[in-house]
Amino acid sequence: MTQHILSVAESIRTRRTVRHYRQDPVPAAHLDALLDLANEAPTSWNLQDRAIVVVSSAEGRAALTLATGGQPQPQEAPVMLVFVAEPGSWRQDHSDVHEQAMRLGAWNAEFSTGFGAASEAFQLGLEQRGLLREYAVKDAMIAASFVMLAATELGLATSPMNGWDEDAVKKAIGVDGREDLAIALLVSVGYAAAEPRHPGRRDRSRVVHLERYRG
Ligand SMILES: Cc1cc2nc3c(=O)[nH]c(=O)nc-3n(C[C@H](O)[C@H](O)[C@H](O)COP(=O)(O)O)c2cc1C
């Protein structure tokens, strides 16, 4: 029997936040696919200013359990993904990104030079307004969203997690005290031990505004 592969729309509609997991491990090929797809997520100015720390060891998950105030996901899910935002990444060398884009024919030399200069000016503006962290977190969140949908397609359950102590999460992943990094989101990955129902959404008419924000 061939397995039905979920469409993107089906993944979006059937994904639920799953808080309880079976002990079955996440197959290595599935984890590999998830990480590859996360890396496909777009980033502002193609800065690729986010990292994903894969935590599957008992010690690592115990540390994340503490960091999340004892929530069940890190205790039960075989894999925890920690999405790390890198707000200072724009100051580092991105010549590899430019070279790759040119090699792939996506950018030419002129575009690369102009884009690099414009990006730097944009990032300086963000720095002045104290927004670098916020922008890097946005990029990390998009990667996390891609992972949750890709996991759903593979029959895996996930839970996004915001409820944690940032310093404790940093400690758990070996970046204790690193002020230049921000934790964006934790995502648990595994096989569901519970089938939560859809909690529903407000009516679309309340969410979608035409031309101008109402209210
Ligand atoms: C950014 C974000 C952070 C969240 N943090 C937690 C969390 O720390 N613990 C938890 O159990 N659920 C967490 N959730 C799950 C939400 O409670 C859940 O998405 C919401 O109730 C809607 O349910 P659904 O995801 O099944 O549609 C988080 C969701 C989001 C989007």
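Everything below is about the structure shown above.
A brief structural summary. (Residues numbered from 1 in each chain as written. Predicted model: local features only at pLDDT ≥ 70, side-chain atom pairs only at ≥ 80, totals over all residues.)

## Overview of the overall build of the protein chain
Assigned secondary structure in the protein chain consists of 9 helices and 4 strands. Counting only C-alpha atoms, the protein chain reaches 50 × 45 × 45 Å along its principal axes. Sorting the 215 residues of the protein chain into buried and exposed places 29% on the buried side. (Helix = DSSP H or I, 4+ residues; strand = E, 2+ residues; numbered from the N terminus. Buried ≥ 20, exposed ≤ 12 C-beta atoms within 10 Å, placed from the backbone.)

## Things to note about the nonpolar core
Val82, Phe83, Ala140, Val147, Ala184 and Val187 are the most contacted members of the largest nonpolar core, which totals 42 residues. At the level of secondary structure, the elements contributing two or more residues to this core comprise α2 (28-38), α3 (58-67), β2 (79-85), α7 (132-153), β3 (157-161), α8 (166-172) and β4 (182-190). With 10 residues, α7 is the single largest residue contributor to this core. Ignoring anything within four residues of it in the chain, the contact list for Val82 reads Val53, Val55, Val169, Ile173, Ile183 and Leu186. (Core = buried A, V, L, I, M, F, W, Y, C linked by C-beta atoms within 7 Å. Contact = placed C-beta atoms within 7 Å.)

## Remarks on α2
Of the residues making up α2, those classed as buried are Leu31, Leu34 and Ala38. Around the axis of α2, the buried residues are gathered within 60° of arc, so they sit on the same side. With respect to the buried face of α2, the exposed residues turned more than 90 degrees away are Ala28, Ala29, Asp32 and Asp36. As for α2, its buried residues are in contact with β1 (50-55), β2, α7 and β4. (Arc of directions from axis to C-beta.)

## A closer look at the sheet that holds β2
If you walk across this open sheet you meet the 4 strands as β1-β2-β4-β3, and the pairing is antiparallel. The open sheet has two edge strands with one neighbour each: β1 and β3. Across the sheet, the mean angle separating the axes of adjacent strands is 20° when strand polarity is ignored. Pairing analysis gives 6 bridges linking β1 to β2, with the strands arranged antiparallel. Following the sheet pairing, Val54 is matched in β2 by Leu81. With respect to the sheet, α7 is in contact with β1, β2, β3 and β4, its orientation differing from that of β4 by roughly 5°. (Pairing = 2+ DSSP bridges. Axes fitted to C-alpha atoms, helices over the stretch in contact; angles between N-to-C directions.)

## As for the environment of Gly174
By the secondary structure assignment, Gly174 is in the loop between α8 and β4. For the pair formed by Gly174 and Val84, sequence separation is 90 residues and the distance between their alpha carbons is 12 Å.

## Details of the pairing of β2
Two faces make up the sheet, and in a regular strand the side chains alternate between them. Where burial is concerned, most of β2 is hidden: 7 out of the 7 residues are buried. Because side chains alternate across β2, one face comprises the buried residues Val79, Leu81, Phe83 and Ala85, and the other comprises Met80, Val82 and Val84, equally buried. Bridge count between β2 and β4: 7 bridges; the pairing is antiparallel. Each bridged residue has a counterpart across the sheet, and for Val79 the counterpart in β4 is Val189.

## Points about the site of the ligand
As a matter of local geometry, the ligand sits amid Arg16, Thr17, Arg19, Gln71, Ser159, Pro160, Met161, Asn162, Gly163, Leu185, Pro196 and Pro199. Top element by residues in the shell around the ligand is β3. It accounts for 3 residues. The residue inventory of the shell around the ligand, partitioned by class, reads 5 nonpolar, 5 polar and 2 charged. (Near = placed C-beta within 6 Å. Nonpolar A, V, L, I, M, F, W, Y, C, P; charged D, E, K, R; others polar.)

## Comments concerning the packing of helix α5 (residues 95-103) against helix α6 (residues 109-128)
Running from N to C, α5 and α6 point in directions that differ by 150°, and their axes come no closer than 10 Å. When the axis of α5 is compared with that of α6, the two are roughly antiparallel. α5 and α6 meet at a crossing whose hand is right-handed. Every residue of α6 that contacts α5 at His98, Ala101 and Met102 is listed here: Ala109, Ser112 and Gly116. Here the residues of the contact of α5 with α6 are counted per class, giving 3 nonpolar, 3 polar and no charged. (Parallel < 35°, antiparallel > 145°, perpendicular 65-115°, else oblique. Left-handed = near helix turned anticlockwise from the far one by under 90°.)

## Focus: the pairing of β3
Counting buried positions over the 5 residues of β3 gives 4, a clear majority of the element. The sheet contact formed by β3 and β4 spans 5 bridges and is antiparallel. Looking at the pairing, Met161 lines up with Leu186 of β4.

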